[in-house]
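Listed here are the chains, written in short residue letters.
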Amino acid sequence: IKLVDGDVFQESNLNRQLMTSKANIGEVKTEVLKRRLLEVSDAKVDTINAYIDEYFKLKNYDYVVDCIDSLNSKFELVKKAHEKNIPIISSLGTARRLSCMNIKRTTLDKTQNDPLAKAFRTLVKKNNYRKKINVVYVDTPAIKSQKLGSSIFTVGSVGLFIASEVFNDLLKEC
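1. Regarding the nonpolar core
Right, so step 1: Formed by 21 residues in total, the largest nonpolar core has its most connected members in L58, L77, L92, L108, F120, V124 and I133.
Right, so step 2: For this core, the elements supplying multiple residues, two or more each, are α2 (71–83), α3 (115–126) and β6 (134–138).
Right, so step 3: If we ignore the near neighbours within four places in the chain, the residues touching F120 are L71, K74, F75, V78, L92, L108 and I133.
Right, so step 4: Listed in part, the 8 residues of the second largest apolar core include I89, V136, V138 and I162.

2. A few points about the sheet that holds β6
Right, so step 1: Spatially, 4 strands are ordered β3-β4-β6-β5 in an open sheet, and the strand pairing comes out mixed. Strand pairing shows two members of the sheet lacking a second neighbour, β3 (64–66) and β5 (103–107), which therefore form its edges. In this sheet, adjacent strand axes meet at a mean angle of 25 degrees when their direction is disregarded.
Right, so step 2: With 2 bridges connecting them, strand β4 (residues 88–91) and β6 associate as parallel partners.

3. Comments concerning the environment of K172
Right, so step 1: For K172, the location among the structural elements is in helix α4 (residues 152–173).
Right, so step 2: By relative accessible area, which is 66% here, K172 ends up exposed.
Right, so step 3: When the C-alpha atoms of K172 and A81 are compared, they prove to be 19 Å apart, with 91 residues separating the residues in sequence.

4. Here's the deal with the side chain of T94
Right, so step 1: Relative to the elements of secondary structure, T94 occurs in the loop between β4 and β5.
Right, so step 2: Look at T94 and you get buried, because its relative accessible area is 13%.
Right, so step 3: Residue contacts for T94: discarding those within four places in its chain leaves V138, S150, T154, V155 and V158.

5. Section: α3
Right, so step 1: Over its 12 residues, α3 extends 16 Å from the first C-alpha to the last, a length consistent with the 16 Å expected when each residue adds 1.5 Å.
Right, so step 2: Among all positions in α3, only A117, F120, L123 and V124 are buried. Around the axis of α3, the buried residues are gathered within 120 degrees of arc, so they sit on the same side. Opposite the buried face of α3, by more than 90 degrees, sit the exposed residues P115, K118, K125 and K126.
Right, so step 3: Against the buried residues of α3 lie α2.
Right, so step 4: The N-capping residue of α3, defined by a side-chain oxygen 2.9 Å from the backbone nitrogen of L116, is D114.
Right, so step 5: Count one or two residues on from α3 and you reach N128, which has phi positive near 55 degrees.

6. Overview of the environment of S91
Right, so step 1: Note on placement: S91 falls in strand β4.
Right, so step 2: Judged by its relative accessible area of 11%, S91 falls in the buried class.
Right, so step 3: Spatially, the C-alpha atom of S91 lies 7.9 Å from that of I162, the residues being 71 residues apart in sequence.
Right, so step 4: Ignoring any residue separated from it by four or fewer positions in sequence, one finds S91 in contact with D66, C67, K74, V136, V158 and I162.

7. Notes on the confidence of the model for the protein
Right, so step 1: Residue-level pLDDT values for the protein average 92, and 99% of them are 70 or greater.
Right, so step 2: Looking at the elements of the protein, mean pLDDT is at its lowest for α4, recorded as 93, and at its highest for β4, recorded as 98.

8. Details of a nonpolar patch on the surface
Right, so step 1: Together, L18, L98, I143, I152 and F153 make up an exposed nonpolar region whose accessible area comes to about 510 Å².
Right, so step 2: Within the secondary structure layout, F153 lies in helix α4.
Right, so step 3: Using a relative accessible area of 43% as the deciding quantity, one classes F153 as partly exposed.

9. Some points on the packing of aromatic side chains
Right, so step 1: Within this structure, the stated rule accounts for 2 aromatic pairs.
Right, so step 2: Relative to Y129, the ring of F75 lies with its centre 5.3 Å away and its plane at 90 degrees, an arrangement referred to as edge-to-face. Taken together, the residues F75 in helix α2 and Y129 in the loop between α3 and β6 connect sequence positions 54 residues apart.
Right, so step 3: Aromatic rings pair up to connect F75, F120 and Y129 into one cluster.

Quick notes on the rules
All residue numbers refer to positions counted from 1 along the written sequence of the respective chain. Totals for whole chains, interfaces and linings use all residues, but because this is a predicted model, local features are given only for residues with pLDDT of at least 70 and pairs of side-chain atoms are given and counted only at 80 or more. Computation of side-chain values covers all heavy atoms of the structure but excludes hydrogens and water. For our purposes a nonpolar core is just a set of buried Ala, Val, Leu, Ile, Met, Phe, Trp, Tyr and Cys residues, chained together by side-chain atoms within 4.5 Å. We call a residue buried when its accessible area falls under 20% of the maximum for its residue type, exposed when it is over 50%, and partly exposed in between, using a 1.4 Å probe and counting protein chains only. Numbered from the N terminus, helices here are DSSP runs of H or I no shorter than four residues, and strands are runs of E no shorter than two. Here, two residues are considered to be in contact whenever any of their heavy atoms come within 4.5 Å of each other. Paired strands, as defined in this entry, are two strands with at least two bridges between them according to DSSP. Axis lines are fitted through C-alpha atoms, for helices just across the contact stretch, and the angle between N-to-C directions can take any value from 0 to 180 degrees. An expected span of 1.5 Å times one less than the residue number is assigned to each helix. An arc is given here, and it is the one of the directions from the helix axis to the C-beta atoms. Each polar contact in these results corresponds to two N or O atoms within 3.5 Å; when the atoms are within protein, one needs to be able to donate a hydrogen and the other to accept it, and residues that are neighboring in sequence are counted only if both atoms are side-chain atoms. Confidence scores here are pLDDT values: one per residue, from the predictor, ranging 0 to 100. Like-charged residues within 9 Å of one another, or nonpolar side chains (Val, Leu, Ile, Met, Phe, Trp, Tyr) within 5 Å, are grouped into patches, provided each residue has over 30% relative accessible area and no salt bridge. Every accessible area reported is derived by Shrake-Rupley at a probe size of 1.4 Å, with residue values counting cover from the shown protein chains alone. The rule for a salt bridge is simple: a side-chain nitrogen of Lys or Arg has to be within 4 Å of a carboxyl oxygen of Asp or Glu. Aromatic pairs are defined between Phe, Tyr and Trp rings, using the six-membered ring for Trp, whenever the two ring centres lie within 6.5 Å; interplanar angles under 30 degrees are classed as stacked, those over 60 as edge-to-face, and all others as tilted.

Listed below in structure tokens is the structure:
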């Protein structure tokens, strides 16, 4: 498992990222998750404490899961995975979603009710990128609010859904 993120835990992560606690505010996200994974498994876990950009070197992996907020970084990762024929799933918006009942896997061009997906589609079209992008999103309109808060049960459910999809895709290859 390779974990890549240049971010540290912030107080605003407490409501949506299961690994966050008051005790690890300010700690590097990849290192905290690595510690947790090693506590519960014998997995080989490596970390890169950096953001993904055009200079990021994607190695040959069995699968890539994208949970990036930055659209430019998300797009760079998708392009690099496609170039290497590595399967990838991109997670889209969960902000202001209070239901985890309508989590769907589709391609970016078929999403609805998701402002992040709409912005991502715009970026993809602007760059004249034609390959299909596999995504997971919550097909529920966001609640009306000025804040972009996310609920732990929605974010967690999307994460578990993605893990299940990856697991099943890898099993099909066996």
